[in-house]
Amino acid sequence: MESLKKGYVRMAYFNKALNEEVISVENKFMKETVLVPESEMVSKNGPRGLVGRIIDYVETGKTIEQIDETGASKVFKVVSMSQAMPVKRAILLKQFEDGQYFDGRITSIQYWGAYVSINGVSCVLRNCDFSTDYTTIAHLYEVGDIIEGLTFRKITENDRIGVTKVNKYESDIPVDYSKFERGTVVTGTIRNVKTFGCFVGIAPKMDALCAIPMTMDIQEGLTVKCTLTTVDFENGKVRGRIDEIIPEPIEV
């Protein structure tokens, strides 16, 4: 496995030898300064968005010669952030395999959950892997917030790392279970979608299994209104029928 290195980004500038923007990275442990070309960066805000940050990189084996204003020549290693990503991913998966769990910083909130960054690796956290009830990540968190205690769940169909909360969130709002009876109309959140139906969270630790309506685009995280068709707490059976999808409020 390629050796992962860390360094502090000192500055960003246009490098004539590489004919592109670069960042100058100081590795105090190795006592050297290396360059990352923009084509090898991982940054939503471009080269200047990385200035002042600690980044991970791997060596590419390439070097360039740079001549300063005095005419002195110096050779710099050309390194890569993008090529470091699979190395970081492999390290994280090994740590998960060893039983470790981590905190994740939310980078994007979706209707089904959120993308979280763990040690610089983008992972997927679904609402149903975050809480035991109808509570979604969007109910409690914003982009930039930290969710504690995450561990490995599976590799998704899109080859992303799916994670789950070690101790899932559980709402402490008291629930009057007597209000749930056949014919009751309730509002809930779609927590999981299967081929045979979908589970709608309607109360803490209570999901109603509903058929997937052919006329609706059903997805995890959507808020829906449904009618309960079977309520049998003794045998753990709660069934329902989805009547409509409740649209998200439009922010003004």
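All figures in this text were calculated on a predicted structure; none of them were measured in a lab.

Draft legend 1. View of the overall build of the protein. Looking only at helices and strands, one finds 2 helices and 15 strands in the protein. Taken over the C-alpha trace, the protein has a radius of gyration of 25 Å; the compact-globule value for 252 residues is 18 Å, which it surpasses by more than 25%. Dimensions along the principal axes, computed over C-alpha positions, put the protein at roughly 85 × 45 × 30 Å. Long-range contacts, defined as pairs at least 24 residues apart, comprise 55% of the intrachain contacts of the protein with a sequence gap of at least 6. By element, 49% of the accessible surface of the protein is carried by carbon and sulfur atoms, the whole surface being about 14,700 Å². Here the protein contributes 31 positive and 35 negative side-chain charges, whose respective centroids are spaced 3 Å apart.

Draft legend 2. How the structure looks around unusual backbone geometry. Positioned with a positive phi, Lys-31 is a non-glycine residue whose angle comes to about 55°. Within the element layout of this structure, Lys-31 appears in the loop between strand S2 (20–27) and strand S3 (32–37). Even without glycine at this site, Asn-119 takes up a positive phi of about 50°.

Draft legend 3. Structural view of the state of the cysteines. Per the stated rule, a full pass over the model turns up 0 disulfides. Cys-198 takes part in no disulfide bond, and the closest cysteine sulfur to it belongs to Cys-210, at a distance of 5.4 Å.

Draft legend 4. Layout of the sheet that holds strand S5 (residues 73–80). Reading around the barrel, the 5 strands line up as S1-S2-S3-S5-S4 and close back on themselves, with mixed pairing between neighbours. Recorded for the sheet is a direction-independent mean angle of 40° between the axes of neighbouring strands. Bridge count for strand S1 (residues 5–15) against S2 is 7 bridges, and the pairing is antiparallel. Its bridge partner lying in S2, Phe-14 is registered against Glu-21.

Draft legend 5. Spotlight on the pattern of salt bridges. In this structure the tally under the stated criterion is 15 salt bridges. A salt bridge links Asp-98 to Lys-94, with the nearest nitrogen and oxygen atoms 2.9 Å apart. Classification of Asp-98 as partly exposed rests on a relative accessible area of 48%. For Lys-94, a relative accessible area of 42% translates into the label partly exposed. Close ionic contact of Arg-191 with Asp-207 constitutes a salt bridge, the shortest N to O distance being 3.3 Å. With Arg-191 in strand S11 (residues 185–194) and Asp-207 in strand S13 (residues 206–210), the pair connects residues that are 16 residues apart, well separated along the chain. Overall, the relative accessible area of 10% leaves Arg-191 in the buried class. Each of Lys-5, Glu-32, Glu-59 and Lys-77 takes part in one network of salt bridges that share partners.

Draft legend 6. Region of the structure containing the sheet that holds strand S7 (residues 113–118). If you trace the 5 strands once around the closed barrel, you get S6-S7-S8-S10-S9, paired in mixed fashion. Each strand of the sheet is rotated relative to its neighbour by a mean of 50°, with strand direction disregarded. Direction of pairing for strand S6 (residues 102–110) relative to strand S9 (residues 146–155): antiparallel, over a ladder of 3 bridges. Opposite Gly-104, over in S9, you have Ile-147 as the bridge partner. Contacts from helix H1 (residues 85–97) reach S6, S7, strand S8 (121–126), S9 and strand S10 (161–165), with the element oriented near 95° to S9.

Draft legend 7. Spatial organisation of the packing of aromatic side chains. Inspection of the entire model under this criterion finds 6 aromatic pairs. Between Trp-112 and Tyr-115 the ring centres are 5.2 Å apart and the planes differ by 90°, which places this aromatic pair in the edge-to-face class. Between Phe-130 and Tyr-141, the ring centres sit 5.8 Å apart and the planes meet at 80°, which makes this aromatic pair edge-to-face. Pair noted here: Phe-130 is in the loop between S8 and helix H2 (137–140) and Tyr-141 is in the loop between H2 and S9, with a separation of 11 residues, a long-range link. Three or more aromatic residues link up through ring pairs in this structure, and these residues are Phe-96, Phe-102 and Phe-152.

Reading guide: rules and limits
Within every chain, residues take consecutive numbers counted from 1 along the sequence as written. Per-residue local features are limited, in this predicted model, to residues with pLDDT of at least 70; the limit for side-chain atom pairs, both in listing and counting, is 80 or more; totals at the level of whole chains, interfaces and linings are taken over all residues. The basis for every side-chain value is the complete set of non-hydrogen atoms in the structure, without hydrogens or water. Only DSSP runs of H or I with at least four residues qualify as helices, and only runs of E with at least two residues qualify as strands; both kinds are numbered from the N terminus onward. Within these notes, the globule rule equals 2.2 Å times the number of residues to the 0.38 power, and the radius of gyration is based on C-alpha atoms. By the convention used here, residues are in contact when the closest approach between their heavy atoms is within 4.5 Å. For accessible areas, the Shrake-Rupley method is used with a probe of radius 1.4 Å. Any residue's cover is judged against the shown protein chains and nothing else. In this tally, Lys and Arg are treated as positive and Asp and Glu as negative; His is ignored, and so are the chain termini. All charge positions are set by atom: Lys at NZ, Arg at CZ, Asp at CG, Glu at CD. When two cysteine sulfur atoms are found within 2.5 Å, that pair is recorded as a disulfide. If DSSP finds at least two bridges between two strands, the strands pair. To get an axis, fit a line to the C-alpha atoms, keeping to the stretch in contact for a helix; angles then go from 0 to 180 degrees between the N-to-C directions. Salt bridges are defined by distance alone: a side-chain nitrogen of Lys or Arg within 4 Å of a carboxyl oxygen of Asp or Glu. For every residue, the accessible area (1.4 Å probe, protein chains only) is compared with the maximum for its type, and the residue is labelled buried under 20%, exposed over 50%, or partly exposed between those bounds. Centres within 6.5 Å make a pair out of two Phe, Tyr or Trp rings, where for Trp the six-membered ring is used; the pair is then stacked when the planes are under 30 degrees apart, edge-to-face when over 60, and tilted otherwise.

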